[in-house]
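The primary structure of each chain is shown beneath.
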Amino acid sequence: MFIVKKEIKGKDYYYLRESIREDGKVKAKTIAYLGKTKKEAEKKAKEFKQKIEEGNMEEKTGKKTIENKKITIDELANFCKRKGFVYPTAEIYGGLAGFWDFGPIGSELKKNIKDAWWKYHVHARDDIVGIDGAIITNPKVWETSGHVENFTDVAVVCKKCKNKFKVDESELKDAVCDKCGGELESKGKFVPMFTTQVGPIEEDSSMAYLRPETAQLIFTDFKLIQDNARLKLPFGIAQIGKSFRNEIAPRNFLFRSREFEQMEIEYFINPDKKEDCPKDAQIDNFELNIYSAEMQEKNQESEKMTIKKALNKKIIALPWHAYWLKTELSWFYELGANPENFRIRQHTKNEKSHYSTDTWDIEYKFPIGWKELQGIADRGTYDLNAHQEKSQKSMEIMDDASGEKILPTVVAEPSLGVERTFMVFMLDAYSTNEKEEVILKLNPKIAPIKAAIFPLVKKDKKLVEIAKNIYKNLREEWNVLYDQSGSIGRRYARNDEIGTPFCITTDEDSIKNKDATIRNRDTGEQKRIKISEIKDTLRKLISGEIEFKNL
Ligand code: GAP
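The structure presented is a predicted model; accordingly, all values stated were derived computationally and were not measured.

Asker: Describe the overall build of the chain, and please don't skip the residues or the numbers.
Answerer: Each helix and strand in the chain was counted, giving 16 helices and 29 strands. With the C-alpha coordinates of the chain rotated into their principal frame, the extents come out at 95 × 65 × 55 Å. Burial analysis of the chain (551 residues in total) assigns 52% to the buried set. In the chain, of all internal contacts separated by at least 6 residues, the share reaching a separation of at least 24 is 62%. Of the accessible surface of the chain, which amounts to about 27,200 Å², a share of 47% is contributed by carbon and sulfur atoms.

So this is what it looks like as C-alpha cells:
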C-alpha cells in the first residue's frame, strides 16, 4: 500500500493505493481517501493499516483466501519451467527422456531439502553419521548385492509396430505394446543399470556400472565407518547422492527419472534385539493412515489408527518399523507437507525386493494417484552377509551391550528420492488467491529465497541505499534477493510465486525512523520493524521460533 497525492483544481488530496493484479496486469487501486494534508494522510494510512492487521477490517487485497490448488503433473512441470525450478535437460537439442536440469530457484529448493534432511537425520542425532560414496564403484558390488541378477527387466519388441522397449519381468505375461497395444516378443533380460568404461584406452578399459542406489557403499564401507565414528548399536549410516536407472518408461515429470538423487539410511541393530526398540514407539499416539498387505488383499480401504493400535493389532510387526515410519512422516509434516496426502502401504508378498523381509512404503497422493514416495525396507543381514562372503572380509562388529561379536541386521532402510520429495513440497505449497495469483506456501526453512528486499521507489536514492544495505547484511547468512524493478505489487507477486516468505520494503519513514516494513507472503500482512532487528527477527521467523502475527 502506498500514499498518493492528487492535485485537483489547485488543491491537494491524499489517497491510499495498492497495486493489484487483474487479468494478468498490474494495476493501482485506491483503497481509501486520506485527507488534504500529508501529515493527516500519513496518520490515517497508519491507522488503516493497523486495522487491517488487527483483522477489524476486511482486507481488500483478497490475499486472505489463499487455498491449496490441485494441479496436474503437466501443470506443475510447466510452472517449474516458467519460474526457473526445473527444465527438460538441454531442451535446445530436444532434451533427453528421464533427465532434468534444475534452474536458479529449483536448485536452491533442492539443496534446502537435502540440507534439511541431513540436519534432521544426521546432525540432530547421536546415532547416525553420514558418508559420500562414489557413483562408479567396483562392479563386484552390484554382482554381490544381487542387482545384476535380480534388478532385471525384459527387453521386448512389438510384433505389430516394431516399437522396442522394456517391461518388468513380473509384468511380461500381461504386457502389450504401449504405443499400439500389439503383442510383444521377448528379447531377453535387460539390466537397468547404466554401464560405462573405466580407463582411457579402450582395450585396457573395464566395464563399470553407474550406481542404481546409494545404499551399497554403506555396506561395503561398513567396518571402516563403524570404526572411525566409534558407532555403537543401534546406529545408522546416511547418504545423499545421485542414482541412475535406465528406466523402461521415464514419465510423470520428475517422478520416474533416469538420473535422480536418493537420501538413504541403513539402520543397524543386533538381530537378537529386533523386538526391542528403545525409542518408545509402542506407546505413541502418532496417527498413521495404514494400508497393510492384508487390507490390500481383502480389497479394503486404508485405515487411520495410532501407532499404539497398529502395534497392538500386529498390523505393524516391529516397533522399530513404527518408529521409522513416524520419524520419516514427522520430517515431512514439520516442513509443511499436508498429512492428509500421506499414507503408509505395506508391500505384498509378490512385490517385495530380493533383499527385503518386510517393506512399508510412505505413499503420497500425487496428481497421478497414490504413489511411492519413500521405501522403508527391512533388509535384514542380506547385504552385509553377501559382501562378507564374496570379499572374505568379516563384517562382524562387537555389540557392547551383549559383549558378543555379531553381524548387525538392517531393521529399516528409509530410502527417499529427492525429486519426489521436491514434487511433494511443491504440490502441497502450490496455492492461489481469489485472483488466481500463485502463492507458493513453502516452509521458510526450505524456501529458495528467504527474503526479498525492495526500496518502495527506485528514484529515491536514500531508500535504495538503505534497502541495499539491508540486502548486503542479510545475504551474509541467507539466499536473499534485491529488486527495484516494477511496481511494488508486481514485486510482491513475483516473490509470492516462487515462495519467498518475507518481503522487506524501505519507504519514506525508513529514513527518519530507521525501520522498514516486513510482509508475510501467506497473509499479505505487513509490520514495521527496526532495521537493526531485521536479521535477528528473520532468523527467528525462518526457524519458526516466532510467528509473524506475534511480531
Ligand atoms: N536402496 C533402496 C532403494 O533404492 P527403491 O524403492 O528402489 O529402493 C527408493 O528407491 C526411492 O528412490 C523411491 O521411493 C523413490 O523416492 C526414489 N526413486 C526410485 N526410482 C526412482 C526414479 N526412477 N525416479 C525418481 N525417483 C526414484
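Asker: Please set out the pattern of salt bridges residue by residue, giving values where relevant.
Answerer: Side chains that differ in charge, positive against negative, can pair when their charged atoms come close. Enumeration over the complete set of coordinates arrives at 41 salt bridges. Between D509 and K512 there is a salt bridge, with the nearest N and O atoms lying 3.3 Å from each other. Residue D509 and its partner K512 are both found in helix α15 (residues 508-513); the two are separated by three residues, about one turn of the helix. Under the relative-accessibility criterion, D509 is labelled buried at 17%.

Asker: Any details on the layout of surface pockets? Residues and values, ideally.
Answerer: When its volume is computed, the second largest pocket comes out at roughly 860 Å³. Taken together, 32 residues line the second largest pocket, and the ones lying closest to its centre are I3, K49, D507, D509 and R528. Elements supplying a minimum of two residues to the lining of the second largest pocket: β1 (2-8), β2 (11-22), α1 (38-54), α14 (488-497), α15 and β29 (526-530). Residue composition of the lining of the second largest pocket, grouped by class: 12 nonpolar, five polar and 15 charged.

Asker: I'd love a proper account of the site of the ligand, names of residues and values included.
Answerer: With respect to spatial proximity, 22 residues lie near the ligand, and among them E213, E247, E264, E372 and L373 are the closest. Between a nitrogen atom of the ligand and a side-chain N or O atom of E213, the distance comes to 2.6 Å. One nitrogen or oxygen atom from the side chain of Q262 is found 3.0 Å from an oxygen atom belonging to the ligand. About the coverage of the ligand: the protein hides 92% of its 560 Å² of free accessible area. Among the elements of the structure, β14 (259-269), β19 (369-378) and β22 (409-417) are those that each provide at least two residues to the shell around the ligand. Class assignment for the residues of the shell around the ligand results in seven nonpolar, six polar and nine charged.

Asker: Kindly report on helix α11 (residues 382-391), identifying the contributing residues and their values.
Answerer: Those residues of α11 that sit buried are D383, L384, A386, H387 and Q388. Positive phi appears at Q392, one or two residues downstream of α11, with a value of about 60 degrees.

Asker: Give a description of the sheet that holds strand β7 (residues 128-131) that names residues and reports values.
Answerer: Read from one edge of the open sheet, nine strands run β7-β13-β14-β22-β19-β18-β17-β15-β16, paired in mixed fashion. The sheet terminates laterally at β7 and β16 (303-306), the two strands that pair on one side only. Taken over all neighbouring pairs, the strand axes of this sheet differ in orientation by 30 degrees on average, direction set aside. With two bridges joining them, strand β15 (residues 287-291) and strand β17 (residues 342-346) adopt parallel strand pairing. Along β17, the bridge assignment pairs I290 with I344.

Asker: An account of the environment of C161 is needed here, citing residue identities and associated values.
Answerer: Mapping C161 onto the fold places it in the loop between β8 (153-158) and β9 (164-168). On a C-alpha basis, the gap between C161 and G181 in space is 9.3 Å, while along the polypeptide they are 20 residues apart. Those residues in contact with C161 that lie beyond four places of it in its chain are C177, K179 and C180.

Asker: Go over the packing of aromatic side chains, please, and point to the residues and values.
Answerer: Across all of its chains, the model carries 27 aromatic pairs by this definition. Their ring planes at 45 degrees and their centres at 6.4 Å tell us that W117 and W118 sit as a pair that is tilted. We classify W118 as partly exposed; its relative accessible area is 21%. Every member of this aromatic cluster is reached through a ring pair, and the members are F255, F286, W331, F332, Y333, F342, Y364, F366 and F425. A cation over a ring is seen here: R420 above F255, with NZ or CZ 3.7 Å from the ring centre. One cation-aromatic arrangement involves R519 over Y492; the distance from NZ or CZ to the ring centre is 4.2 Å.

Asker: Kindly report on the side chain of S243, identifying the contributing residues and their values.
Answerer: The residue S243 is located in strand β13 (residues 235-244) in this model. With a relative accessible area of 0%, S243 lands in the buried category. A distance of 2.9 Å separates polar atoms of two side chains, one belonging to S243 and the other to Q262. Not counting the four nearest positions on each side in its chain, S243 is found in contact with R211, P212, E213, T214, R258, E259, F260, E261 and Q262.

Asker: I'd like a rundown of the confidence of the model for the chain, residues and numbers included.
Answerer: Averaged over the chain, the pLDDT score is 91; the fraction of residues at 70 or greater is 95%. Across residues 55-63 the pLDDT falls below 50, and counting only partners more than four positions away or on other chains, this stretch makes 20 contacts in the model.

Asker: An account of the sheet that holds strand β27 (residues 502-506) is needed here, citing residue identities and associated values.
Answerer: Sheet architecture is open: five strands sit in the order β26-β25-β27-β28-β29, paired in mixed fashion. Edge positions in the open sheet fall to β26 (480-482) and β29, since each of these has one partner strand only. Adjacent strand axes in the sheet meet at a mean angle of 25 degrees when their direction is disregarded. Of the strand pairs in this sheet, strand β28 (residues 515-520) and β29 are connected by five bridges, and their pairing is antiparallel.

Asker: Talk me through α14; I want residue IDs and the actual numbers.
Answerer: Two residues of an α-helix separated by three or four positions point the same way, owing to the 3.6 residues in each turn. Extensive coverage of α14 is indicated by the burial of eight of its 10 residues. The complete set of buried residues in α14 reads I488, G489, R491, Y492, A493, N495, D496 and E497. G499 lies just past α14 and shows a positive phi near 85 degrees.

Asker: Hey, could you go over the state of the cysteines for me, with residue numbers and the actual values?
Answerer: Here the structure, examined in full by the defined rule, presents zero disulfides. Cysteine C158 is unpaired, with the sulfur of C180 as its nearest cysteine sulfur at 3.6 Å. Looking at C158, the relative accessible area reads 0%, which means it is buried.

Asker: Report on the environment of E372, specifying residues and quantitative values.
Answerer: Along the chain, the position of E372 falls in strand β19. A sequence separation of 264 residues divides E372 from E108, and the C-alpha atoms of the two residues are 24 Å apart. Beyond its immediate stretch of four places on either side in the chain, E372 contacts F255, D361, I362, E363, F366 and R420.

Asker: How would you explain the pairing of strand β25 (residues 451-455) if you had to name every residue and give the values?
Answerer: Most of β25 is tucked away: five of the five residues are buried. Judged from the three bridges that link them, β25 and β26 form a sheet pairing that is parallel. Bridge pairing in β26 places A451 opposite V480. Note that the unit made of β25, helix α13 (residues 461-475) and β26 has a crossover that is right-handed. As paired elements, β25 and β27 share five bridges and run parallel to each other. Across the sheet, residue I453 finds its bridge partner in β27, namely I504.

The rules behind the values
- Residues numbered from 1 in each chain as written.
- Predicted model: local features only at pLDDT ≥ 70, side-chain atom pairs only at ≥ 80, totals over all residues.
- Heavy atoms only, no water.
- Helix = DSSP H or I, 4+ residues; strand = E, 2+ residues; numbered from the N terminus.
- Buried < 20%, exposed > 50% of the residue type's maximum accessible area, 1.4 Å probe, protein only.
- Contact = heavy atoms within 4.5 Å.
- Areas by Shrake-Rupley, 256 points an atom, 1.4 Å probe, with all protein chains shown as cover.
- Salt bridge = Lys/Arg side-chain N within 4 Å of Asp/Glu carboxyl O.
- 1 Å grid on protein atoms, 1.4 Å probe; cavity = no way out; pocket = protein on both sides within 12 Å on 5 of 7 lines; lining within 4 Å.
- Points joined across faces, edges and corners; volume = space filled by probe spheres on them.
- Nonpolar A, V, L, I, M, F, W, Y, C, P; charged D, E, K, R; others polar.
- Near = heavy atom within 4 Å.
- Polar contact = N/O pair within 3.5 Å; in protein donor to acceptor, adjacent residues only side chain to side chain.
- Pairing = 2+ DSSP bridges.
- Axes fitted to C-alpha atoms, helices over the stretch in contact; angles between N-to-C directions.
- Phe/Tyr/Trp six-rings, centres within 6.5 Å; stacked < 30°, edge-to-face > 60°.
- Lys NZ or Arg CZ within 6 Å of the ring centre and 35° of its normal.
- pLDDT = per-residue confidence, 0-100.
- Disulfide = S-S within 2.5 Å.
- Right-handed = clockwise from strand over helix to strand, strands pointing away.

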